[in-house]
Each structure stands twice: as structure tokens, then as C-alpha cells.
Amino acid sequence: TKYNPQSRRPTTQQTKTMVKFGLRLDQNKASDYPPDAYVDYAKLKEIIHVLSKKKLAGADPTTREVSLTAPPPTNAAGRQLTSADSPITEEDFYNCIDSNLSKVEAFTLQRVTDLRANIAIVEKEVNALGGITEGKEGEVEAIRQKADDAAKSFLTLEKYVNINFMGFHKILKKHDKNLPLHACKQFYINRMHNQAWVRGDYSDVVVRLSAIYSALRNDHAAEENKDASQSFLRSTTKYWVRTEDVSKVKYAILKHLPVFLQKTSTGESDSQLTNSVYFDNDQLELYHGRLDKTPGAIAYRLRWYGAGDPKMVFCERKTHRDTWTGEASVKERFIVDESEVKSVLNDTYPIEEKRAEMQAKKGATEAEVDDWEILVREMLQVVQVKQLVPTMRTQYMRTAFQIPFDATVRISLDTNLCMISERGYDTEGGAKWFRDPEKQLADNEITRFPHAVLEVKLELGGANSEPPQWVTDLQNSGMLYEVHKFSKFIHGCAVLMPEYVRSVPYWVDDASIRDSVLRSGGGRILVPADSETGVGPGANELYNHLLPFGNIKENKLNNPGRTANTVSLIKSGKEDKANGLMTTGDKYYADADVTDEEQLFNASLQGCCEDTCAGWLFPFCSGMNEEVLAPTSVQKIEPKIFFANERTFLHWLHAGVTLYTIAAGILAFASDTHSIGAHWYAMALLPISLGFCLYALHIFLWRAEKIKTRIPGRWDDSRGPLILGSILAGVLFVNFMMKCREIQRYNEMMAHEL
């Protein structure tokens, strides 16, 4: 059953999910948790069922007096309730909800207390090692196992919190649907968000586990590499992460990389509040340049870290370069005090004074000071020339993972991401460059992004030409949704300033972020709910397979994450499961619905053309291009690829025309008598030449489709040239043998005459 925008009815899959939540709750209860620790969904549902039959009337909000002797009013149907009706009242539902909330909160806090106690025991055992792990492999492995158990206990607790949180959401929604005159969902949702079991900050668990794993790995800060001449393969990939998977992703990373600790007012934390104010002009020139990936397009921002007002501000400029030109995109910055921001924006920054200060106090070399001065002058100038003003602010909690001075693998995870419009207030000549944090924001001035954003930066070179295996395992875990060239600045401008943008990024059509865009007033950039395609016009119609969660017509909200590596391992993963082996995704989703996993495997194999003869010979006509196989990752496309495809097409045509010319020449010059072999040879070459031309056209179209969709994988055909070459070699061999036979006969005839 497909979604009908006119009837507004849910799909069959949605109905199945709603109906079977009680069953899902039972299936997802942890074996080591008591069953009564979970929300009593069945009891609450039964109360709602009884109350809905009574058809209770809503209270009159204008009534200010009551009578203790007057009988209760009739119900919504005008019937007087009697003793024959159930004694259950609305108050019973409220009391049941309150008791369940208290029960879940108390159980959660108790489990957190026990977890912290267990981690403290592990920390004592780690300290007992004294930083020496060599020769103590047995002890290290035992401690690591205890740390793993503590981490898994935390993930189990988070799953417990999430399943109960969803249970309360669903039962309150059911209540308001069946008893609309007594709606209470919004009240209880706000109440839950202020309770400790939901809003509690347990980042100290992550910090302590990170320290334990780092000590067991015996991490040391690497030597700072100052040799910029070395050749490295640098790559940056961005992913969306569901909120419920954030802790799992953190755990998967901290087992291999330490958390970069942040100093806060309450101690050390695994994350830090980060604010970045992006500048642009009235035409949004920088936005469109970054969106179109124009060579030399810049992003200009002022960034500060930590809660409260900024003290130290980083003035940053990011410049885009196309890698196929041999240049790399760069990020440059210099630091100023908050009091100096106004002079930076007004081009009155004392460069000469700061230059002398750098040389006198910081001991900077002449070359370093010159580079700094060039950067500062360029950044001050671009503000005036392009008339840049504060436009968009991004705000998030950033967790960083990295071994100090080791840039091989750097990972950042941004949670609580929101974008805030910086337009609509007086900047007072540069004195104000971000909104007053004391003033409440309107709905169309802020958009809250529903996912966390993970960024993986790899710097590979020398012997480390491949990413570490654990990084590949994380990519294949089903928790990461790769989003090609995702930008917080671009997303914020498109959503909060829809009347100013001429084009929008492809990911705005993703089904998972549609609600957040609508809440922020950015509905004009979205396709209508009754759209036939579910995506916007232009490029999105071609590249809608890049949407991590699909579009509104064909959403994939329940599918595991897909990345470039996922597709290559789908088939081997199915074989491993058949052999009883667990893939990385299985380890993270051991409790996942088997049906969903099977659908993923089956969908991936629908595009496989290895099993049919037609697919083996003609990939363009087979299922290789079926969209079900396309992952969210894309291959890097350089302009020369299009021309290379055309050149290859022309080379194949040239070979076909050459063979045709040879065959035509043989037919034209062969005599009518005693030339049967020549005629047969020419007639054999003619279909081969035609085959070369048809194959050239076929492979050109097939590769053009690959380039258009940018699906990762091999873009060459290893079979076609082998088949055509073998046929041509066979014809040439037969012709050679025939000529040898003719020479033999001629020699025999001459010998007979002699």
C-alpha cells in the first residue's frame, strides 16, 4: 500500500509498526533487566480503551465555580454515566503515567550509579598496571573485557531509555487520538525532556572509558610532522548518524582513538560547544559559490569555542579547489580577541602593530609573519569588497577523536546541531556580529538538525595506503549514512533564507529532515507532498539515489546506513551469515529485525548481473544500473572522465571502421575464381567490424550512465574486449591456417610437376 497524499492514511508498513509496538517492546527487553522495569504499555493501552468507550466530555475552560452536590455532567454523547460504566477515570491514566515515569527514572539512575561504580573498579586495575602493558597481555585482555562489558551495559541502558521514551510517545499519541478533549501529550513530553533519565549528561562515562582504552593501547603522542613535502592522500567524508546510534558510534571509535577532552565549568567533558558565524552578502554570493563548487569559492566565518560570550575568536577562510587541477582545498585562520572583531570587520585592524608584536613576543620568523600579514590583509579586504555581513550561525556540541600530532585518522562528531539566522538585527557598525543570546528566537530563525554529523578525515601515505580496518568496519556497521559534500552553512542558508537562494542542495529532499525544514518555515524549497517524483527538479531527479533516507515517495527511514564500502561487502556479508559468521553490522545490530536485513541483501542482489548470460555479455542491458544497489556514496568525477569516455568510443569506432575497410578491400580486389577463401575471410570480418561499432556504442552509453549516477564500482568492461578480441583472433588464426594449407598445396603441385 503506497502513501496517498489525499487520504493522509499511513502506509501498510507504518500501520504494522504502530500496531505491533507492544510486541516490539517485549522483543527488545534486555534479558538482564526485570520485565516490570519497562513502561506498562499494555495497561496504559487498556485504560485508554476503556476511557474511549465512556466518551468523556471536555471541561469548560470558562467555568470558575463548582458544586459539591451537583451530579457529574453527561458525557460527550449526552448520556449520563451510571454505576454500570467502568469506574476508571482520566485521573487513573494520569496516575499510571506518573508512576511509570517515576519507575523508569529510578531504574535508569540506579543503573547509571552501578555502571560508574564498575568503571571505577576497572580504572583501579588500569592504574595498578603502572602504564606498563608489555608482558602483561593476560591482565590487559582481562581488563579490556571488563571495559567492554561496562560499555555494553551503557549501550543496553541507552536502548532501555530509548524504547521507554518511544513507548511514552506512542501511548500519549494514542491517548490524544482517542480522547481529543483531554489531550495531554505535549505536557508530558515537555515534562519527560526535563527529567534526569532523558536530559541527564553521562559524557563522563565516555571520557572515563576513553581513558581506559587509551591506557590499554599505551597511546603516546606522535612526533609532530613538519615536513610538508611528503605525499599524502587526504580525504574527508561526512556522514549522518541517527540520534539513537550516537553512543554506539562513540564506543566504536573510542576503542581505537582517544577522546580529545574539553575543559568545562563542571570538569572534563567529551564535547565542547562550538559556534561559527558565517558571513555573506545580500546576493548570497558565497553560498552559491560553495554550493556550485566554483573554483576559488570561499567561506568566511568567525568561530569560538565554549559556552558563554566569546573571548578568543578564530577568523577563518575556507577556499575550494578542484582536486583534478592538482590543487587542494585549504582552510586558513588567524586569532583575535573578541574586542578586536569590530576592527577586523571595519578594516581598521592594526596589522603593523600586531606584526611587530608577533616578532618581539612570539619569536615568529620573517616568513611566518609575512604569510600571516598576507592572510590578514586578504581577509580584511574581502569583507569590504564583497560587503559581507553576518548571515548564518551554526551551533553544535563537538566531540573530537585523535591521537595528538597523528593525523592518520581524525574524527569529529557534532551533536545537538542547529543553524541560526544572523539576519534581521542592527550590527551597529560591526560591534554586534551575532544575536543576543538572551532573546528568544522565532521558529523561522532557527532550524534544529535531526541527526548528528560525523566527519572522518584520513591522511594516508607510504605504507599506510589503506584506512585502518576498524574505520572500514565502522563504515560498514549500518550506523553511518554518507552524505556527499554536506555543509552546515549551505543547509542553514537554504532552510532559513529560502526567499534569497536561487538553488538548494540535493539533501533537502531527504525524507528524514523534511519535518525539521517545515518547522523552520522553509517549506518553499521542498516539493509538495503529492509530488509524483518526491524530489525537486533538475539534478535531484538524477541523483536522488544519494539521499540517505530516500525521498517522501520512497522513504528508507528504517534502512541501515549505506556507504561506499557497504555495497562491496553485501554479498560476502550474506555468505558470512550463511556460514554462521557475524559481520560488523550484525555486531552493532544484533537485535535488529531480520526482515529488514534480508530486504537489504535481496535488494542488493537484484542488481547483480553475474547469474545471467545476457547480463554477463551486456552489462548496459542488465540490472547493473538498478537504483536499489546505489549507495549513498559517490565516486569523484573529474571533467576529463567525460572526454576519456568519448575518446574510448572513437578508438573503438576507428577499429571497427578499419576492419570494415580491410574486408571491403578484400572483396573488391579478390578475383571471381579461385578466391573462395578470400571471400569467406572478408565475410567473416564484416560482422566483426559491425560488432566493434555496436559494442563501442553500447559501452559508451553504459559508461555514460555510470558517470551520470556516479555509483561506486568498476567502470570498465573486462569481458567485451576479451570476447571481441578472441573472435577476431580466431578468424585470423583460421585465415592463417588456410594460407598455410594453400602454400602446402602449391608446394605439392610444384613438386608433382617437377
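Heads up: these notes are all about the structure in this document. (Residues numbered from 1 in each chain as written. Predicted model: local features only at pLDDT ≥ 70, side-chain atom pairs only at ≥ 80, totals over all residues. Heavy atoms only, no water.)

The element strand 9 (residues 409-421) is extensively covered by neighbouring structure, given that eleven of its 13 residues are classed as buried. As paired strands, strand 8 (residues 389-401) and strand 9 are joined by nine bridges and run antiparallel to one another. Across the sheet, the residue bridging to Gln395 is Cys418, located in strand 9. Sheet topology places strand 9 next to strand 10 (residues 446-448); three bridges connect them, and they run antiparallel. Bridging across to strand 10, Ile420 finds its partner in Ile446. (Buried < 20%, exposed > 50% of the residue type's maximum accessible area, 1.4 Å probe, protein only. Helix = DSSP H or I, 4+ residues; strand = E, 2+ residues; numbered from the N terminus. Pairing = 2+ DSSP bridges.)

Here helix 10 (residues 285-292) crosses helix 15 (residues 488-496) at 125°, and the two axes come no closer than 10 Å. Here helix 10 is positioned oblique relative to helix 15, judged by the angle of their axes. The way helix 10 lies across helix 15 gives a crossing that is left-handed. Contacts from Leu286, Tyr287, Arg290 and Leu291 in helix 10 reach Phe489, Ile490, Cys493 and Ala494 in helix 15. (Axes fitted to C-alpha atoms, helices over the stretch in contact; angles between N-to-C directions. Parallel < 35°, antiparallel > 145°, perpendicular 65-115°, else oblique. Left-handed = near helix turned anticlockwise from the far one by under 90°. Contact = heavy atoms within 4.5 Å.)

With that settled, consider a nonpolar patch on the surface. Taken together, the side chains of Phe733, Val734, Phe736, Met737 and Met738 present a nonpolar region at the surface, about 490 Å² in accessible area. Checked against the element boundaries, Met738 lands in helix 24 (residues 720-753). (Patch = residues over 30% accessible without salt bridge, like charges linked within 9 Å, V, L, I, M, F, W, Y side chains within 5 Å. Areas by Shrake-Rupley, 256 points an atom, 1.4 Å probe, with all protein chains shown as cover. Salt bridge = Lys/Arg side-chain N within 4 Å of Asp/Glu carboxyl O.)

This part takes up the pattern of salt bridges. Counted by the stated rule, this structure contains 27 salt bridges. Residues Glu357 and Lys354 are paired through a salt bridge, measuring 4.0 Å at the closest nitrogen-oxygen approach. On the criterion of helical spacing, the pair formed by Glu357 and Lys354 is a turn pair, its members being three residues apart in helix 12 (residues 351-361). Close ionic contact of Glu366 with Arg355 constitutes a salt bridge, the shortest N to O distance being 2.7 Å. Residue Glu366 is located in helix 13 (residues 366-385), and its partner Arg355 is located in helix 12; the two are separated by eleven residues in the primary sequence. Put simply, Glu352, Arg355, Glu366, Asp370, Glu373 and Arg377 are held in one network by salt bridges that share partners.

Along the chain, Val341 falls in helix 11 (residues 341-345). It is 8.8 Å that separates the C-alpha atoms of Val341 and Cys315, two residues lying 26 residues apart in sequence. Setting aside its immediate chain neighbours within four residues, Val341 contacts Leu302, Val313, Val336 and Trp433.

It is worth spelling out the packing of aromatic side chains at this point. Any aromatic ring pair is given by two values, namely how distant the centres are and how the planes are angled relative to each other. Throughout the structure, instances matching the rule amount to 28 aromatic pairs. Arranged with centres 6.3 Å apart and planes meeting at 70°, the rings of Phe165 and Trp197 form a pair that is edge-to-face. Here Phe165, found in helix 5 (residues 137-178), pairs with Trp197, found in helix 7 (residues 196-199); they are 32 residues apart in sequence, far enough to count as distant. Each member of the pair, Phe165 as well as Trp197, carries the same accessibility label: buried. Among the aromatic residues, those joined into a ring-pair cluster are Trp240, Phe449, Phe486, Tyr506 and Trp507. Geometry around Tyr396 places Lys488 over its ring, the cationic atom sitting 5.0 Å from the centre. (Phe/Tyr/Trp six-rings, centres within 6.5 Å; stacked < 30°, edge-to-face > 60°. Lys NZ or Arg CZ within 6 Å of the ring centre and 35° of its normal.)

Moving on: the pairing of strand 8. Looking at chain direction, strand 4 (residues 272-280) and strand 8 are connected through nine bridges and run antiparallel. When the bridges of strand 8 are listed, Asp280 appears paired with Val389.

Counting residues in each nonpolar core, the largest one holds 77 residues, and the members touching the most others are Phe93, Ile97, Tyr160, Ile253, Ile411 and Leu454. The contact partners of Tyr160, leaving out residues within four places of it in the chain, are Tyr33, Ala37, Tyr38, Val104, Phe107 and Thr108. Grouped together as the second largest cluster of nonpolar side chains are 33 residues, Tyr396, Tyr481, Ile525 and Phe549 included. (Core = buried A, V, L, I, M, F, W, Y, C linked by side-chain atoms within 4.5 Å.)

Attention now goes to the environment of Arg317. Tracing the sequence through the fold places Arg317 in strand 6 (residues 312-319). Note: C-alpha distance between Arg317 and Arg333 (16 residues apart in sequence) is 6.2 Å. Each residue touching Arg317, except ones within four places of it in the same chain, is listed here: Ile298, Ala299, Val330, Lys331, Glu332, Leu375, Glu378 and Met379. Polar side-chain contacts of Arg317 include one of 2.6 Å to the side chain of Glu332. Here the side chain of Arg317 touches Glu378 through a polar contact of 2.9 Å, side chain to side chain. (Polar contact = N/O pair within 3.5 Å; in protein donor to acceptor, adjacent residues only side chain to side chain.)

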